[in-house]
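Observations on the three-dimensional arrangement
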Amino acid sequence: MTAAVRALVKQNFYQDSVALMRLASEVKKLPGVQEAAAMMGTAANKIIMAEAGLETPDIGSAQPNDLVLAVRAADAAAAQAGLAKAEELLAARHTAGATAGAFRPRTLETAVKNLPGANLALISVPGEYAEAEAAKALRLGLHVLLFSDNVPADAERRLKDLAISRDLLMMGPDCGTALIGGVPLAFANVVPRGAVGIVSASGTGLQQVSCILAAAGEGVSHGIGVGGRDLSEAIDGRMTLHALRALGADPATEVLVLISKPPSPAVAGKVFQALAAAKKPAVVCFLGLAATDRPKGNKRLLFADTLEDAALAAVALRRGFPFEPRPFANDIEEVEVLAAGQAHRLRDHQIAVRGIFAGGTLAHEALLILGELAGPVASNLKRHDLTPGAAEGHAVWDLGADEFTRGRPHPMIDGTLRREFLKREGNDPSVAVVLFDVVLGHGAHSDPAGDILPGIEAARSAAERRGRRLIFVASICGTAKDPQGYLKQRETLDEAGVLLMPSNAQAVRLAALIATRGAAMRRLRAAT
Amino acid sequence: MTLHFTAVTASRPALHILRNAGGHAGEIHSAYRRTINLRFPGDHLVCLHGGRDLVAPFGIALGRDFDSPAFERIAPGVRVVPADGTLRIPEAAVEVAIGRAAVWEPEARPRPLGSDAAARHAEILEAVLLQHDNPDGLAGLVDGADATPLLRRARPCAERLQQALARRDISGVLAAAEPLMGLGPGLTPSGDDFLAGLMGTALLAEPPAGPLLRAVGPQLLRLAETRTTLLSRAFLAHALEGVLAPPLDALAATMLDGADRPALARAARAACTLGHTSGMDTVTGMVFALRALAQAAP
């Protein structure tokens, strides 16, 4: 049967190349579609399209400033469907969020009138408008989750004071995750409701803790994101303290978990007082907090070094068991054998671990653990101008950081940048282990494991062409009920030969054991 | 209510275009989430964008992102008025103050580059491009990769271009450049970025042949009128004046100043991060120009 070609020329229509390549690649996945292109209608591009069997009179008449969408498919219906999809994707980029036929309120007041009983507003507007919109929502009696960033500290203080005066939550700014009354907001996982209340200044921190709680059979009463800056001196822990008071008074919350980078000593003092006043058992995970900075004397307060320990300590407190942190879920000897078996496949000069992360807090946790077990680690978390390819030795990349997301989608949504990074590591003769995270849940890519698989394969092939084996270690931050399905994602990574660990912390430890040929084990044993 | 922005950095060429507009209104050429391209009489473009670092030689950086409700009203064709150190977009009630912006001047100055130095620089830039290993765009040209239709189409032209440049064969340069124009997806197709890198480097690094190469400029731009996008043509026009986008200009300056290998590699890595493939495609063009210079008869 002859293939059918359909094309559409949009005059003086512009899109950047990444958007066009992504669009063409989405259309190519449709059933029956053999080839798809989205390119400017230059003469040179018309030749490329003709060589790919994409030739119609419309394409022939396109001008350099016109956008050409073209699809070749097994039959006319499939070609037409492909073209319709291309148009839909293009339109979606222009009217992001628009839903034909659905009611789209233009103001918060109209939204509240049309949805009486609503008690929370999720606000994502540019930083300069954020304060006005969030203040409006608070005055309407709504809790606020403020996704926007670039909100000045003064504005954040004013908003949080306004919220506290009205006994409302002001989550954010720059808050990407919350679980309120069992409802996941923004980037969050599907976890059961339960007795653990979480206050978190970190999005993926909250995700990791809530997922490990779910895996252990516990649930979350509320997961309150407070924004990454709340525990700074400038904001003085306003919303953290308010959230702790709220969870302290919430009868459904039996155990508290607090997640953040270490706050300033002054703010930390207020937080510890608030935890004591809550009169509920609590776990504090201030990633990187020195043991000497931890107050003693509060028997209901446990400190956790990792997100996993925070979740498991909360489980222990809830069930009344003593909590003893363990580096691995399996026996340490078993893991040692696994690591030695993997290390045996490496060549002598393969000694580096490269962490390529989508989750910022998971990257931060990896940086801390790897530094402790394997020695100095380069990272864009330490130096924002660190350029890809410049890092030597161990390195951890947070690809969700601003320097990588300007002009690109976040790596939790689109794996393009991660694939590029993965492939690059395959060309570096010093790399032993590539470490990464796969974050599931609402808001994340529909198949994150499948999305980065070509990067894993490219890295592996590049290394094998040069006579090296590359080891991939990962963890999945997600639950069986997440839209992507934990088991399906795990199967994809298993089939790709990725060593999967039950948590980010364990994955980092395994990577360190392999790359250091077990030397990290001595440090691990000493620490435990 | 008018929304006010203050530009933090403005390129000298952008200010020159605004001054030459003499108060005549321009229009929005294209608008993205972080970039708005403005077209002024004579098809001169000015690129208004977020962030602090300029991304185009005709750029103005606002220091922060500007995706706001007001900017939803900014669409191709909307009027832009330059006046008294400001840019006004009346239909969107947006005003950008430019008067206090730091002015970016291109750093790279024409300076002859010997064939040994050209060969050495080409090798350093190649190594950086290979490390990036981006399958899209034209960086694969330096490694003999032919994995994509784009590379297969571009390779013979790029090689012919290198040979013609080495021979200083102007008609050969024109003939080989033409099929590269407009080659690739997006608003600045890879082939054009490659040409900008190649021509910019050749002009900056071989002053004795400068007049000869400059003679190609108007002819290349005439070809570009019908073969590529307006934005790409604007980049090419600046490259033909020896002015590249700031990170690429910094790379060219580092190279012509005879900096050591680590400094050059650092500058190349920074240049490669521009856009999805634009920086890498331009650096690839620079490699081909350097290879031509390395093999050119003295």
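In what follows, the structure referred to is the one given above.
This one's a predicted model, so the numbers in the text were calculated from it and none came from an experiment.

Some remarks on unusual backbone geometry
The step from Gly 172 of chain A to Pro 173 of chain A runs through a cis peptide bond, and the omega angle for that step is 10°. Here Arg 517 of chain A, not a glycine, exhibits a phi torsion of approximately 55°, which is positive. Position of Arg 517 of chain A relative to the elements: it lies in the loop between helix 18 (504-515) and helix 19 (519-527). Backbone geometry at Arg 168 of chain B places phi at a positive 55°, although glycine is not the residue there. Inspection of the secondary structure puts Arg 168 of chain B in the loop between helix 3 (149-167) and helix 4 (170-177).

Overview of the interface of chain B and chain A
With 38 residues of chain B at the interface, the matching set in chain A holds 35 residues. At the boundary of chain B with chain A, total buried surface from both sides reaches about 3,000 Å², with 58% on carbon and sulfur atoms. Salt-bridge contacts for Glu 51 of chain A lead to Arg 153 of chain B; the nearest nitrogen and oxygen are separated by 3.1 Å. Summed over the shared surface of chain B and chain A, the result is five residue pairs in polar contact (both at pLDDT 80 or more). Residue composition of the side of chain B that touches chain A, grouped by class: 15 nonpolar, 14 polar and nine charged.

Considering the packing of helix 8 (residues 246-256) of chain B against helix 9 (residues 261-272) of chain B
Residue and element names in this part refer to chain B. At a minimum axis distance of 8 Å, the contact between helix 8 and helix 9 shows a crossing angle of 165°. In terms of axis orientation, helix 8 runs roughly antiparallel to helix 9. Between helix 8 and helix 9 lies a crossing of left-handed hand. The residues of helix 9 that touch helix 8, namely those facing Pro 247, Leu 248, Leu 251, Thr 254 and Met 255, are Ala 263, Leu 264, Ala 267, Ala 268, Ala 270 and Ala 271. Taken together, the residues of the contact of helix 8 with helix 9 break down into 10 nonpolar, one polar and no charged.

Description of the sheet that holds strand 4 (residues 120-123) of chain A
Residue and element names in this part refer to chain A. Read from one edge of the open sheet, three strands run 4-5-6, paired in parallel fashion. The outermost strands of the open sheet, each flanked by one partner alone, are strand 4 and strand 6 (170-171). Both strand 5 (residues 143-146) and strand 6 contribute to a ladder of two bridges, which runs parallel. Its bridge partner being in strand 6, Leu 145 is matched across the sheet by Met 171. Running over the sheet, helix 6 (residues 127-139) touches strand 4, strand 5 and strand 6 and is turned about 160° from strand 5.

Describing the pairing of strand 12 (residues 282-286) of chain A
Residue and element names in this part refer to chain A. Burial within strand 12 is extensive, with five of its five residues counted as buried. Alternating positions in strand 12 separate into two faces, Ala 282, Val 284 and Phe 286 on one and Val 283 and Cys 285 on the other, with burial throughout. Read from strand 11 (residues 255-260) through helix 10 (residues 265-278) to strand 12, the crossover connection turns out right-handed. Direction of pairing for strand 12 relative to strand 13 (residues 301-303): parallel, over a ladder of three bridges. Considered in strand 13, the bridge of Val 284 is made with Phe 303.

A few points about the environment of Ala 19 of chain A
You can see Ala 19 of chain A is positioned in helix 1 (residues 17-28). The spacing of Ala 19 of chain A and Leu 90 of chain A is 71 residues in sequence and 8.7 Å in space, taken between C-alpha atoms.

Examining the packing of aromatic side chains
Per the stated rule, a full pass over the model turns up eight aromatic pairs over all chains. Ring plane angle 25° and centroid distance 6.3 Å describe the contact between Phe 147 of chain A and Phe 187 of chain A, whose orientation is recorded as stacked. Note that Phe 147 of chain A is positioned in the loop between strand 5 and helix 7 (153-165) and Phe 187 of chain A in the loop between strand 8 (183-186) and strand 9 (193-200), a separation of 40 residues in sequence. A relative accessible area of 14% places Phe 187 of chain A in the buried class. Relative to Phe 288 of chain B, the ring of Phe 194 of chain B has its centre 5.3 Å away and its plane inclined at 65°; by these criteria the two rings are edge-to-face. You can see Phe 194 of chain B sitting in helix 5 (residues 190-205) and its partner Phe 288 of chain B sitting in helix 10 (residues 278-295), a full 94 residues away along the chain. Here Phe 194 of chain B matches Phe 288 of chain B in class, with each residue buried. An aromatic cluster of at least three residues, connected via ring pairs, comprises Phe 272, Phe 286 and Phe 303 of chain A. It is Arg 424 of chain A that lies over the ring of Phe 421 of chain A; its NZ or CZ is 4.7 Å from the centre. Of note, Arg 291 of chain B hangs over the ring of Phe 288 of chain B, and the distance from its end group to the ring centre comes to 4.9 Å.

Conventions and cut-offs
Within each chain, residue numbers correspond to sequence positions counted from 1 in written order. Whichever chain is written first is A, and whichever ligand is written first is 1; the rest continue in order. A pLDDT threshold of at least 70 governs which residues receive local features in this predicted model, and a stricter bar of 80 or more applies before side-chain atom pairs are shown or counted, although totals over entire chains, interfaces and linings include all residues. Side-chain metrics in this entry use all non-hydrogen atoms of the structure; hydrogen atoms and water are not considered. Elements are defined by DSSP. Helices are runs of H or I of four residues or more, strands are runs of E of two residues or more, and each kind is numbered from the N terminus. What makes two residues a contact is simply this: any of their non-hydrogen atoms within 4.5 Å. Using a 1.4 Å probe, buried area is obtained as the accessible area two parts lose upon being combined, added over both of them. Whenever a carboxyl oxygen of Asp or Glu lies within 4 Å of a side-chain nitrogen of Lys or Arg, that contact is scored as a salt bridge. N or O atoms within 3.5 Å of each other form a polar contact, as long as, within protein, one can give a hydrogen and the other can take it, and as long as residues adjacent in sequence are counted only when both atoms are side-chain atoms. Under the scheme applied here, ten amino acids are nonpolar (Ala, Val, Leu, Ile, Met, Phe, Trp, Tyr, Cys and Pro), four are charged (Asp, Glu, Lys and Arg), and all others, including Gly, are polar. In this analysis, axes come from line fits to C-alpha atoms, helices being fitted only over the stretch in contact, and the angle between any two N-to-C directions falls in the range 0 to 180 degrees. Any angle that falls under 35 degrees is termed roughly parallel, while one over 145 is termed roughly antiparallel, one within 65 to 115 roughly perpendicular, and all others oblique. Helix crossings are classified by the rotation of the near helix relative to the far one: an anticlockwise turn of less than a right angle makes the crossing left-handed, while a clockwise turn makes it right-handed. In this description, strands pair whenever DSSP reports at least two bridges between them. Only protein chains enter the accessibility calculation, which uses a 1.4 Å probe. A residue is then buried if its area is under 20% of the maximum for its type, exposed if over 50%, and partly exposed in between. Here, the term right-handed applies to a crossover whose path from the first strand over the helix to the second runs clockwise when the strands point away from the viewer. Here a pair means two rings of Phe, Tyr or Trp (six-membered ring of Trp) with centres within 6.5 Å. Their orientation is stacked below 30 degrees between planes, edge-to-face above 60, and tilted elsewhere. Charges are assigned to positions over rings by a cutoff of 6 Å between ring centre and Lys NZ or Arg CZ, combined with an angular limit of 35 degrees from the ring normal.

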